[in-house]
Each structure stands twice: as structure tokens, then as C-alpha cells.
Amino acid sequence: MDMKATKKKLGLKEKYRVMTRDLGWEPGYHTKEEIFPYATYEGIKVHDWDKWEDPFRLTMDAYWKYQAEKERKFYAIIDAHAQNNGHLNITDGRYLSALKVFLQAISPGEYAAHKGFSRVGREFPGVGTQVACQMQAIDEIRHAQTQIHALSNYNKYYNGFHAFADARDRMWYNTVARSFFDDAMSAGPFEFMIAIGFSFEYVLTNLLFVPFMSGAAYNGDMATVTFGFSAQSDEARHMTLGLECIKFMLEQDPDNLPIVQGWLDKWFWRGFRVLGLVSTMMDYMLPKRVMSWREAWEIYGVENGGALFKDLARYGIRPPKGWDDAEKATDHMSHQIMLGLYQWSFGTSLHSWIPSDEDMAWLSAKYPTTFDKYYRPRWEHIRKLAAEGKQFKNFGLAKLCQTCQLPIVFTEPDDPTMACHRETTYKGEKYHFCSDGCQHVFENEPEKYIQAWLPMPALFAELEGDIGKWMDWVSLRDGQDNGDYVGSVDQRNFEQWRGLATSNS
Amino acid sequence: MQIDLRTVSIQPLRQTFDHLARRFGDKPASRYQEGSYDIQAAENLHYKPTWDPDQDLYDTKITKIVMKDWYALKDPRQFYYSTYTLARARQQDTTEANFVFVESRGLADMLPPALRDTALNVLVPLRHAAWGANQNNTLICGYGYGAVFTQPCIYHAMDNLGIAQYLSRLGLLLGDTEALDAAKAAWLDDPVWQPLRRYVEDTLVLRDPFEVFVAQNVALDGLLYPLVYGRIVDDFLSAQGASAVAMLTQFMTDWFDETKKWVDAVLKVAAAESDDNRAVLQDWIAAWSARAASALLPVAEIALGANADAAVGEELAGFRTRIQKTGITI
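The model shown is predicted, which means the values in this text are computed figures rather than measured ones. (Residues numbered from 1 in each chain as written. Chains lettered and ligands numbered in written order. Predicted model: local features only at pLDDT ≥ 70, side-chain atom pairs only at ≥ 80, totals over all residues.)

Trainee: Just to check I follow, could you spell out the overall build of chain B for this structure?
Mentor: Looking only at helices and strands, chain B has 13 helices and zero strands in total. In sequence order, the secondary structure elements of chain B are arranged as α-α-α-α-α-α-α-α-α-α-α-α-α. Overall size of chain B, expressed as C-alpha extent along the three principal axes, is 70 × 60 × 40 Å. Counting all 330 residues of chain B, 52% fall into the buried class. (Helix = DSSP H or I, 4+ residues; strand = E, 2+ residues; numbered from the N terminus. Buried ≥ 20, exposed ≤ 12 C-beta atoms within 10 Å, placed from the backbone.)

Below, the structure is given as C-alpha cells:
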């Protein structure tokens with residue numbers, strides 16, 4: 001071929017097209033259905049994969065370069081943090097419970113997201129979509145690993161971190177997050193994108209990520225906050241991908257709308273329930289609080305989420321079905337879950353505690369309509385028992401919701417004095433739920449949710465209800481990992497070591 | 001003179017996480033170990049996949065290879081995200097400098113036209129083959145079992161994409177967008193490329209992650225990289241004065257040398273696990289490498305003409321020797 005004297009200057013968009021989409025081709029020896037067997041069974045219709053707008057245009061050379069810079073900084077800081085006993089700079093040992101929740105429930109979720117995005121990065125029949133998903137797949141393993149590395153040093157000095165891998169698969173409260181990610185991964189590629197790419201990464205991420213990372217910053221946890229800063233630009237890319245994905249589905253065919261709306265309803269509620277653990281962390285576990293769960297919900301849920309659904313209204317999307325119930329639950333959920341964690345604290349690999357007077361004053365200021373009326377009296381009762389040397393323990397096993405797997409501890413949306421409990425009979429078997437939202441999710445796919453692994457029945461079936469055996473099985477060390485923070489080994493060590501670091505005695 | 005700074009000294013309660021202590025003892029774990037072992041959910045999987053209810057969410061039974069412990073398939077490079085990314089960022093720097101060097105000195109324009117055409121004709125269609133490799137490694141990562149085996153595959157997949165992009169840049173540099181269009185047309189219709197395209201498409205319908213690993217990373221790449229980047233680019237083209245091309249493909253040469261250590265380690269451990277595994281691997285490697293060799297012959301002919309047959313034969317012999325060292329005879 002003849003060489004031209006001057007080369008065409010490719011625009012950024014065109015250059016990226018050449019570097020990605022143009023790599024694919026129409027298969028000639030096999031059908032597309034053979035190569036992409038999972039692309040159609042969910043009923044989503046895609047007429048033209050070329051209409052996909054690349055959410056970010058990052059070629060591999062640029063990816064390696066940018067990411068390597070962030071990695072160098074991250075590991076330099078956490079190395080220094082470990083070397084200088086950075087764990088002694090946190091505000092108080094109570095803060096560690098937030099990190100324990102994170103490592104046991106969220107980091108394994110990052111790994112699951114890594115696997116899920118690898119799968120959809122192969123299953124979507126469009127190159128642009130595949131590449132974007134693959135980049136998120138490799139980012140997600142980054143997040144799982146950097147979180148483990150950031151928290152590894154805490155594990156050396158404090159309890160409750162050491163068995164996170166066992167707790168991920170066996171610990172009762174971790175099944176809340178585990179079943180959420182298993183649910184998304186057992187769905188088809190399009191639903192996975194709505195579940196994780198859109199609902200989790202776009203709608204809910206600010207309610208998860210911002211509170212945890214700001215909480216770390218407020219409480220002197222340099223290791224975790226460094227992870228947060230380092231992951232921020234990845235998260236921005238993931239959010240763009242999630243939004244592009246939903247718009248693409250809605251623009252491709254009007255028949256996609258009801259399917260996508262159904263998934264939004266489902267995944268909003270599933271995600272909201274997982275965030276219950278975050279609400280508790282924000283309102284109770286941070287010694288220095290960033291903002292209340294209610295305030296976070298106002299900003300990231302009502303304002304940001306509201307604007308988003310307004311933007312999507314032009315496609316016919318309405319806010320998710322459980323939106324109003326979520327709003328009503330916001331003033332109650334953190335208290336209800338913390339009370340649950342406290343009464344079952346003999347069975348948690350993290351400490352909980354009775355809020356102090358100062359904590360309770362803060363809670364009543366942040367929750368003027370609910371805390372003093374419904375929750376302060378319970379905490380005061382528990383405190384009175386504790387003063388008499390009787391820790392309030394509920395050795396009765398919690399009844400778990402078949403869908404979200406949280407203990408059924410919530411109240412009716414319109415009556416905070418009434419426990420909320422729903423049930424459905426399916427094929428002669430009775431199933432229990434914590435809310436209308438979870439019942440609806442079940443009833444739309446009963447064959448899926450009857451398979452759920454529920455930790456409490458398993459405790460009876462396999463371990464004959466023997467709590468000691470169960471503790472061994474979940475690698476929970478009684479008297480070390482569990483129970484009240486006050487009087488714990490963590491408390492003793494933190495205070496003693498901090499004394500060494502800050503005084504001469 | 002060494003000065004020891006004094007820091008507050010406190011005694012740690014433990015050195016590492018329980019799951020690592022069970023494997024390696026209670027001693028400080030490496031970051032590779034922390035970021036790889038047992039980080040995939042293993043028990044109490046909640047739901048069967050709706051996309052294939054016969055599978056588990058993480059399933060060891062979707063491959064013919066049987067491992068008592070999938071975490072035995074250790075990556076000798078001990079790549080986790082950080083070490084991987086840092087390694088590739090360094091190579092990326094070199095590659096970028098090479099492209100700038102070739103471009104700024106006008107070395108592309110100084111290539112004899114016949115050699116430049118050979119380089120374009122051999123190399124640019126391979127960007128499509130590299131995209132096939134990307135999809136295959138993404139599949140292994142997605143469906144394979146255990147992070148020790150699967151995480152190198154997502155790194156490999158991103159490398160495959162990077163290589164496809166470097167080949168695209170090479171095409172643009174030596175022949176502009178027309179070179180990419182011509183290469184795509186050749187990949188789709190030129191009889192020279194059809195055996196290779198058929199090979200790639202046949203691997204895209206495989207669903208056993210370990211067979212995909214063999215067909216792609218062992219058999220096809222095990223022959224393609226030494227043949228194309230070693231023999232054709234580094235030897236044949238360079239000897240005739242087209243060493244600028246070798247500068248543009250240095251990444252691929254270095255990459256193959258590095259990654260084959262991992263590929264060999266995986267084969268070696270999987271074959272040593274059982275006679276059944278060894279037999280399965282033997283069959284797969286024999287079948288896929290024979291096909292790969294014949295698919296690559298017409299590609300080699302573009303550059304080597306009548307010498308291609310002997311060249312492919314020698315590469316196949318070299319490949320057999322390499323595989324022999326992993327305990328598998330073909």
C-alpha cells in the first residue's frame with residue numbers, strides 16, 4: 001500500500017473506537033448465540049451494540065500508568081501507618097467495630113464484584129461494554145486487596161479481624177451482604193449490571209462509601225482513609241458505567257422498561273437493607289461521628305437519588321417501589337439494628353456497647369421524633385440491668401428474613417410500636433420476612449429465594465444448637481472477639497498501648 | 001554508623017489472619033498471600049445461577065481438571081494488583097519511549113516498503129487474535145475457581161487488550177487507518193487468516209475454564225509468540241533492516257518470556273496432582289497445539305515463504321520440549 005505523506009489525526013473518540021470496538025468482529029464459524037449464550041434469556045432486547053457510549057476512554061497504557069501512581073502512594077502510606085503504630089491514632093477502640101464490619105462483609109463483596117464483572121465482561125456481546133466491565137473487574141480485585149492490606153495491621157493487634165474469611169461464609173450477620181452479592185451473581189448479565197453497576201455503585205455507593213471513608217478520616221484511621229482516596233477515581237468510573245448501562249438498556253427497546261423497573265425496585269430494597277449495617281455504624285460505632293444516618297439519607301438518598309430518578313423519568317422510570325418505606329424506616333433502623341447486635345453480641349465477631357449519656361444526647365438531637373420516645377427507654381433499661389451485673393442477652397435465636405437475612409427486628413412503616421413481620425406460604429412451606437419489600441422480592445422469584453442458606457436453621461441441623469460448637473465453627477473466640485466493648489481485651493489493649501504512646505507512666 | 005530510632009514497642013497478638021495461619025503458620029504473610037488465598041466465597045453459596053442452574057456459583061466441577069486444593073496453582077511471579085500494575089507501568093514507559101523513538105526519528109518512513117508491508121500484513125490482523133485472547137482470559141477469571149488461579153487471568157486479559165492496542169498503534173504508525181481496515185478485511189476474508197480465526201472462534205465457545213487456559217495460553221500463544229515476535233520480527237525482519245518494528249513489539253517479546261513462567265507453573269502443578277489430570281492436559285495440549293501449528297503456518301508464510309514450514313516445525317519441537325518440562329509428554 002502507498003504511504004501517505006501526512007497521517008490522519010484521529011480524534012479522541014475515534015482513536016478509542018479503533019483501540020477497542022474495532023477489535024471485535026462478526027463471528028463466521030459460530031453463531032453469536034454460541035459465543036454469548038447468556039445474553040438474551042433475561043428478555044432484554046438490544047438492537048445495536050454500537051449505540052453503546054463508552055463511559056470513559058481509557059486505553060491500557062494509560063490505565064497502567066495512572067493506577068500505578070495511585071498504588072505507589074497507597075502502599076507508601078499504609079507501610080508508614082503500620083511502622084508507626086498508626087492504629088494508636090484512632091479516636092477510640094470502639095471505632096474498630098466499624099472496620100470489622102467492613103472487612104467481614106464489604107471486602108468479600110468487592111471480590112464478588114470482581115468475579116461478577118469478569119463474567120459480564122465476557123458475556124456481553126458488545127466490545128465497548130465488555131472492555132468497560134473488564135476494567136471494573138480488575139479495579140474490584142484492587143479494592144478487595146487494598147482493603148485487606150489496609151486492615152491487616154489492625155488484625156495483628158485487635159480481635160475480630162482474624163477470621164474474616166471464615167465469617168464471610170458462616171457468620172449469621174454476614175449472610176446479609178453475602179446473599180446480596182450471591183443474588184446479583186446468580187442473576188443474568190443485565191440484571192447484574194442493574195444490581196451492582198447501577199443500584200449499588202450509583203444509587204447506594206455514596207451511602208456506603210462516603211460514610212465509611214469519612215468515618216475513617218474523622219476517627220484518625222489513616223490506613224482506611226487512604227484506601228478511600230485511592231479508590232475514589234475508580235468509583236467515579238464505575239458510577240459512569242452504571243449510569244451508561246441503564247440508559248443503554250432503556251434506549252434500546254421500550255420493552256426493556258418494565259424489566260429494568262422491576263430490577264430497580266428489587267435492588268433498591270435489597271441494597272437499602274444491606275445499608276442497615278451502615279446506618280448502625282454511622283450512628284453508633286463511630287466515636288467521632290460524621291453525620292447521622294438520617295442526614296446522610298437526606299443528602300445522598302433524597303437529594304441525589306431524587307435528582308437521578310427525575311432524570312430517568314424521561315425514559316418512563318419511576319422511583320423504586322420501596323422508596324417511601326425506606327424514608328419511613330430511616331429514623332428507626334440504626335437503633336433497631338444496634339439493639340439487635342447488642343442483645344446477640346455473644347454471637348458477633350465485633351463489639352457493641354451501651355451508648356453513653358453523651359451518645360444518647362447526640363442521638364436524641366439527631367432523631368428528635370424517635371430516639372427519646374422509642375429507643376432511649378430500651379437502652380436505659382439495658383443499662384440498668386448492666387449496672388446490676390446482668391448483661392442483657394438474648395439467647396433465643398433471631399428469626400431471619402428469608403430475603404435480606406437480617407433478623408426480623410424492624411417495625412411497621414406507619415407504626416413504630418408494632419413489630420413488622422410478613423409471611424408467605426410457598427409449596428407448603430412457610431417463609432418469613434422483615435418487610436413488604438423483602439416479601440415482594442421473594443414472591444417475584446420464589447424458586448430462587450427458597451434456596452437461601454439461612455444460618456440459624458443450619459446451626460440446629462449441623463451443630464445441634466450447641467453454641468460452643470457454633471463458635472468454633474465460625475472461628476469466633478469467646479471472650480475475645482464478642483460481647484460488650486467495655487471490659488473487652490480490645491479495650492484493655494488499646495487503652496494500655498495508647499497510654500504507652502502518649503504518656504510516660 | 002547505624003542509628004536505631006526508638007519507637008513505642010508493643011507486642012502483636014497474632015501475625016496474620018486465621019486462614020493464612022492454617023496454610024502457612026502464624027507468621028507475617030506476604031501481600032500476595034493476603035490478597036489471594038481463600039478470598040473467594042467457598043461455602044454456603046445461596047442460590048444457583050439462573051444462567052445455568054446445573055452449576056454452583058463457584059464451581060470446581062465445570063472443568064475436567066480436578067484439584068484437591070485450587071490454591072495450589074500458585075503464580076511464581078506472585079502478582080497481586082499492585083505488583084502487576086507497577087510491572088506493567090514500567091513496561092508501558094519503555095514501550096512509549098520506543099514508539100516515540102521510532103516516530104520522532106521517522107524510522108517508520110525509512111523502512112523498505114516491502115518489509116513494512118510484511119510487518120503490517122503479519123502483525124496487524126493479530127490484534128483481533130489478541131482480542132480473542134482477552135475474552136478467553138476474562139472467561140477463565142470469571143468462571144475458574146480460586147483467586148490464586150483466576151486473578152492472573154484478569155491481568156492476562158488486560159495484557160491481551162494492551163497488546164491488541166499496541167498492535168493497533170503499530171498499524172496506525174506504519175500504515176494509518178487503512179492498515180487497520182485492510183487487516184480486519186484479511187482477518188475476516190483472506191484465506192491466509194481463516195484457520196487462525198476459526199481456531200479463535202472455536203475457543204470462544206469453550207466453557208471449561210481450564211481447557212480455555214490450555215487452548216489459549218498454552219497452545220496458541222505458546223506457538224504464536226515465539227514464531228511471530230521471535231522468529232519473524234526479531235530475527236527475520238530485523239536482519240533485513242526493520243529493527244524499528246522489533247522496538248514496537250518489545251512489549252510482546254518481554255511479556256511472553258515473563259508470562260510463560262506462570263503458564264508453565266500452572267501446568268506443572270495441575271499435572272502433578274494426578275494421572276487423570278495429566279492425561280486430560282496431554283490430550284488437550286496435543287490436540288490444540290497441532291491445530292494451532294497448522295493455523296499459524298499460512299501466517300508464517302506471509303513473511304517466511306517456503307521456509308515457514310520448517311520454522312513452524314522447529315517452533316513445535318521447541319514447544320514440546322518446553323511442555324515436557326512441566327511433566328506432560330506430547
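Trainee: What exactly am I supposed to notice about the overall build of chain A here?
Mentor: Each helix and strand in chain A was counted, giving 20 helices and four strands. The C-alpha atoms of chain A give a radius of gyration of 24 Å, which matches the 23 Å a tight globule of 505 residues would have. Principal-axis analysis of the C-alpha atoms places the extent of chain A at approximately 90 × 65 × 45 Å. Burial statistics for chain A: of 505 residues in total, 52% are counted as buried. Intrachain contacts of chain A at a sequence separation of at least 6 include 80% that bridge at least 24 residues. (Rg over C-alpha atoms; globule rule 2.2 N^0.38 Å. Contact = placed C-beta atoms within 7 Å.)

Trainee: Is there a simple way to think about unusual backbone geometry in this case?
Mentor: A negative phi angle is the norm for most residues apart from glycine, just as the trans form is the norm for most peptide bonds. Residue and element names in this part refer to chain B. With a phi angle near 55 degrees, Asn44 is a residue other than glycine that sits in the positive phi range. Judged by the 17 C-beta atoms lying within 10 Å of it, Asn44 is partly exposed. For Asp176, which is not glycine, the phi dihedral falls at a positive 60 degrees. If you trace the backbone, Asp176 turns up in helix 7 (residues 147–189). By C-beta crowding, Asp176 is classed as partly exposed, having 17 other C-beta atoms within 10 Å.

Trainee: Before we go on, may I ask you to explain the confidence of the model for chain A in this structure?
Mentor: Segments scoring low in pLDDT should not have their predicted coordinates read at a detailed level. Taken residue by residue, chain A gives an average pLDDT of 93. The fraction at 70 or more is 98%. Every residue in residues 1–5 of chain A is under pLDDT 50, and counting partners more than four places away or in other chains gives six contacts. (pLDDT = per-residue confidence, 0-100.)

Trainee: What should I look at first to understand the nonpolar core in this one?
Mentor: Considering soluble globular proteins, one finds that nonpolar side chains tend to be buried as a cluster. In terms of nonpolar packing, the biggest core is built from 247 residues, with Ile194 of chain A together with Val214, Leu223, Leu296 and Ala300 of chain B touching the most fellow members. Leaving out residues up to four positions away in the same chain, Ile194 of chain A has contacts with Ser199, Ile246, Val260, Trp263, Leu264 and Trp267 of chain A. Formed by eight residues, the second largest nonpolar core is a distinct cluster that contains Leu363, Tyr367, Tyr375 and Trp379 of chain A. (Core = buried A, V, L, I, M, F, W, Y, C linked by C-beta atoms within 7 Å.)

Trainee: Teacher, can you tell me more about helix 11 (residues 250–273) of chain B here?
Mentor: Think of an α-helix as 3.6 residues a turn; residues three or four steps apart then line up on the same face. Residues and elements named next belong to chain B. Along its 24 residues, helix 11 runs 36 Å from first to last C-alpha, staying within 8% of the 34 Å computed at 1.5 Å per residue. A maximum bend of about 25 degrees is found in helix 11 at Thr259. Looking only at helix 11, the buried set comprises Phe251, Met252, Trp255, Thr259, Trp262, Val263, Val266, Leu267, Ala270 and Ala271. (Expected span 1.5 Å × (residues − 1). Bend = angle between axes of the 7 residues up to and from the residue.)

Trainee: Would you explain the pairing of strand 4 (residues 429–433) of chain A in this entry?
Mentor: Consecutive residues of a regular strand have side chains that alternate between opposite faces of the sheet. Residues and elements named next belong to chain A. Of the strand pairs in this sheet, strand 3 (residues 422–426) and strand 4 are connected by five bridges, and their pairing is antiparallel. When the bridges of strand 4 are listed, Arg422 appears paired with Phe433. From the end of strand 3 to the start of strand 4, which pair antiparallel, there are two residues, and Lys427 there has a positive phi angle of about 50 degrees. (Pairing = 2+ DSSP bridges.)

Trainee: In this structure, what is going on with the interface of chain A and chain B? I would like to understand it.
Mentor: In many analyses, interface size is given as the accessible surface area lost on bringing the parts together. Contacts between the two partners involve 75 residues from chain A and, on the opposite side, 71 residues from chain B. Elements that contribute at least two residues to the side of chain A that touches chain B include exactly helix 1 (12–19), helix 2 (32–35), helix 3 (60–83), helix 4 (96–123), helix 5 (127–157), helix 6 (164–170), helix 7 (174–186) and helix 20 (489–502) of chain A. Examining the composition of the side of chain A that touches chain B, we find that 14 residues originate from one element, helix 5 of chain A, more than from any other. In terms of residue class, the side of chain A that touches chain B is made up of 35 nonpolar, 19 polar and 21 charged. (Nonpolar A, V, L, I, M, F, W, Y, C, P; charged D, E, K, R; others polar.)

Trainee: Would you take a moment to explain the environment of Ala195 of chain A for this structure?
Mentor: All names here are of chain A. By secondary structure assignment, the location of Ala195 is in helix 8 (residues 189–218). Overall, the presence of 25 C-beta atoms within 10 Å leaves Ala195 in the buried class. For the pair Ala195 and Asp92, spaced 103 residues apart in sequence, the C-alpha separation works out to 35 Å. When sequence neighbours within four positions are dropped, the list of residues in contact with Ala195 reads Ala184, Ala187, Phe200, Trp263 and Trp267.

Trainee: When you look at the packing of helix 7 of chain B against helix 11 of chain B in this model, what are you seeing that I'm missing?
Mentor: The angle between the axes and the distance between the axes are what describe a pair of packed helices. Residue and element names in this part refer to chain B. Relative to each other, helix 7 and helix 11 sit at 165 degrees, their axes nearing to 12 Å. For the element pair helix 7 / helix 11, the angle class is roughly antiparallel. Once helix 7 is placed against helix 11, the crossing between them reads as left-handed. Listed contacts from helix 11 to Pro152, His156, Asp159, Ile163 and Tyr166 of helix 7 are Phe251, Met252, Trp255, Thr259 and Trp262. Class assignment of the residues belonging to the contact of helix 7 with helix 11 gives a composition of seven nonpolar, two polar and one charged. (Axes fitted to C-alpha atoms, helices over the stretch in contact; angles between N-to-C directions. Parallel < 35°, antiparallel > 145°, perpendicular 65-115°, else oblique. Left-handed = near helix turned anticlockwise from the far one by under 90°.)

Trainee: What am I meant to see in the packing of helix 10 (residues 256–285) of chain A against helix 16 (residues 436–444) of chain A here?
Mentor: All names here are of chain A. Where helix 10 meets helix 16, the axes come as close as 10 Å, and the angle between the chain directions of the two elements is 130 degrees. Here helix 10 lies oblique to helix 16, going by the angle between them. Judged by the twist between their axes, the crossing of helix 10 over helix 16 is left-handed. Every residue of helix 16 that contacts helix 10 at Lys266, Trp269 and Arg270 is listed here: Gly437, Cys438, Val441 and Asn444. Residues of the contact of helix 10 with helix 16, tallied by class, amount to three nonpolar, two polar and two charged.

Trainee: Is there a simple way to explain helix 13 (residues 333–343) of chain A in this structure?
Mentor: All names here are of chain A. The buried fraction of helix 13 amounts to 11 of the 11 residues, a majority that puts the element mostly inside the structure. Inspection of helix 13 places Met333, Ser334, His335, Gln336, Ile337, Met338, Leu339, Gly340, Leu341, Tyr342 and Gln343 among the buried residues, and these make up the whole buried set. Tucked inside the fold, the buried residues of helix 13 contact helix 10, helix 11 (293–312), helix 12 (323–329) and helix 15 (371–387).

Trainee: It is not clear to me how the pairing of strand 2 (residues 415–419) of chain A should be interpreted in this structure. Could you clarify?
Mentor: Taken together, the two bridges between strand 1 (residues 411–412) of chain A and strand 2 of chain A define a ladder with antiparallel strand orientation. What sits directly across from Glu412 of chain A, in strand 2 of chain A, is Asp415 of chain A.

Trainee: Would you take a moment to explain the confidence of the model for chain B for this structure?
Mentor: Of all residues in chain B, 98% have pLDDT values of 70 or greater, and the mean over the chain is 96. Predicted as a complex, the structure gets a pTM of 0.97 and an ipTM equal to 0.97.

Trainee: Looking at this structure, I do not really get the environment of Pro455 of chain A. What am I missing?
Mentor: All names here are of chain A. Inspection of the secondary structure puts Pro455 in helix 18 (residues 455–463). Separated by 339 residues in the primary sequence, Pro455 and Gly116 have C-alpha atoms spaced 24 Å apart. Other than its neighbours up to four places away in sequence, Pro455 contacts Trp172 and Thr175.

Trainee: Looking at this model, I keep getting lost on the environment of Pro320 of chain A. Mind explaining?
Mentor: All names here are of chain A. Structurally, Pro320 is set in the loop between helix 11 and helix 12. For Pro320, a count of 23 C-beta atoms within 10 Å gives the class buried. On a C-alpha basis, the gap between Pro320 and Leu286 in space is 30 Å, while along the polypeptide they are 34 residues apart. Here Pro320 is in contact with Leu264, Asp265, Phe268 and Trp269, once residues within four sequence places are set aside.

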